[in-house]
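Geometric and topological summary
Listed below, chain by chain, are the residues.
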Amino acid sequence: MRLVFLGPPGAGKGTHAQVLSKDLGVLHISTGDMLRDSVKAGTPLGLEAKKNMDDGKLVPDKVVIGLVAERLERPDAHMGFILDGFPRTPEQAKALDEELKMLQMPLDMALDFETSLPMIIRRLSGRRLCPKCNKNYHVHNYPPKKEGMCDVCGSTLVQRPDDRVEAIENRLKIYKEVTEPLIQYYKTSGRLVQLDGDIDVAPLNIILMNLFREKGLCRK
Ligand code: AMP
C-alpha cells in the first residue's frame, strides 16, 4: 500500500498515519518528523530548516525531495508507506512521481482530508508532541495516559513552535496558495479520494479501512 496524505495543517494526517501504519504494517514517512529530527540533532540540514519551520514556512524543495528520495530507496519502503506532509508543492509532487516510477512502486492513492477552519484551530491549539519519540497527542481528542507525559517514553510533552497563532496563519496561507492545488493534480490523474477530515479518529479509521478493502489494498 502506497499512499499520500493531503490536507491542511490540523487535518489529522499525522494521527491517522500513525494509527494506520501500525495497523497495516507500512512505513509512516513524515517529512515534518524527519525535519524535526534533523533540527534536534543539529545537522547542517536541520539548522537550515529550523528558521523556516518555526515561522511556519516551507523548507526548500530540494531539501525535502532529497530526504524523501533517500528514505524511499531504502529496502523497507517496499513493504508500503504513508507519506504524511509530502508532497506540499507541485515540484515535490512531480519529483515523487518520477522517484516512484524509477523504483517501480506506483502510488495507489492520494487521500485528501477536507477540514473546516474551526476544527483546524481546535486541533492545532490542543496538539502536543513528544520531543523524543515524535508521538502526537491532543489534550482532549487523544490525551496521554498521564497528563503531559508521553505514553511511550515518559518524556514531557511540548507544544510545537509552529502551532503558535502567527505561525498557524502562515501555514494556512501557504497551504491555500501552494499545496491545495495538488488536489487537482491527483484528481486529474485519477488517484484522489476525498474524505471528511472533521470526523474523529476512530470513526474515520473505520471508513479508511473499508475504503482500502474496497480498493483491494488490504485484506484485514
Ligand atoms: P508538519 O509536521 O508536516 O506540519 O511539518 C512541519 C514543518 O516542516 C512545516 O511547516 C514545514 O516548515 C516543514 N515541512 C514538512 N514537510 C515539508 C514539505 N514537504 N515541504 C516543505 N516543508 C516541509
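Worth saying up front: this structure is predicted, and the values here are computed from it rather than measured.

Turning to its location among the elements, glutamate 99 is positioned in helix α5 (residues 90-102). In this structure glutamate 99 is buried but unpaired, with arginine 71 as the nearest side chain of opposite charge at 11 Å.

Pairs can form between side chains of opposite charge whenever their charged atoms are close. Tallied over the entire structure, the rule returns 14 salt bridges. Aspartate 163 is the salt-bridge partner of arginine 171, the closest N and O atoms lying 2.9 Å from each other. With a relative accessible area of 4%, aspartate 163 lands in the buried category. Several salt bridges converge on common partners, so that one network encompasses Arg127, Arg160, Asp162, Asp163 and Arg171.

Turning next to the site of the ligand. Residues in close proximity to the ligand total 16 residues, the closest being Thr31, Lys57, Gly85, Arg88 and Gln92. Measuring from an oxygen atom of the ligand, one finds a backbone N or O atom of lysine 57 at 2.5 Å. The protein chains hide 95% of the 480 Å² of surface that the ligand would expose on its own. Top contributing element to the shell around the ligand by residue count: helix α2 (residues 31-41), with four residues. Tallied by class, the residues present in the shell around the ligand amount to six nonpolar, four polar and six charged.

Looking now at the environment of serine 30. Tracing the sequence through the fold places serine 30 in strand β2 (residues 27-30). With 53 residues separating them along the chain, serine 30 and leucine 83 place their C-alpha atoms 6.1 Å apart. In this structure, serine 30 is in contact with Arg36 and Asp84, ignoring residues within four places of it in sequence.

Taken in spatial order, the five strands make up an open sheet running β2-β3-β1-β4-β7, and their pairing is parallel. Two strands lie at the open edges of the sheet, namely β2 and β7 (192-196), each paired on one side alone. Ignoring strand direction, the axes of neighbouring strands in this sheet form an average angle of 20°. In terms of strand pairing, strand β1 (residues 2-6) meets strand β3 (residues 81-84) through four bridges, oriented parallel. In the strand pairing of β3, leucine 3 is matched with isoleucine 82.

Calculation rules
Residues numbered from 1 in each chain as written. Predicted model: local features only at pLDDT ≥ 70, side-chain atom pairs only at ≥ 80, totals over all residues. Heavy atoms only, no water. Helix = DSSP H or I, 4+ residues; strand = E, 2+ residues; numbered from the N terminus. Buried < 20%, exposed > 50% of the residue type's maximum accessible area, 1.4 Å probe, protein only. Lys, Arg positive; Asp, Glu negative; His and termini not counted. Salt bridge = Lys/Arg side-chain N within 4 Å of Asp/Glu carboxyl O. Near = heavy atom within 4 Å. Polar contact = N/O pair within 3.5 Å; in protein donor to acceptor, adjacent residues only side chain to side chain. Areas by Shrake-Rupley, 256 points an atom, 1.4 Å probe, with all protein chains shown as cover. Nonpolar A, V, L, I, M, F, W, Y, C, P; charged D, E, K, R; others polar. Contact = heavy atoms within 4.5 Å. Pairing = 2+ DSSP bridges. Axes fitted to C-alpha atoms, helices over the stretch in contact; angles between N-to-C directions.

Functional significance is not addressed by these values, which are geometric in nature.
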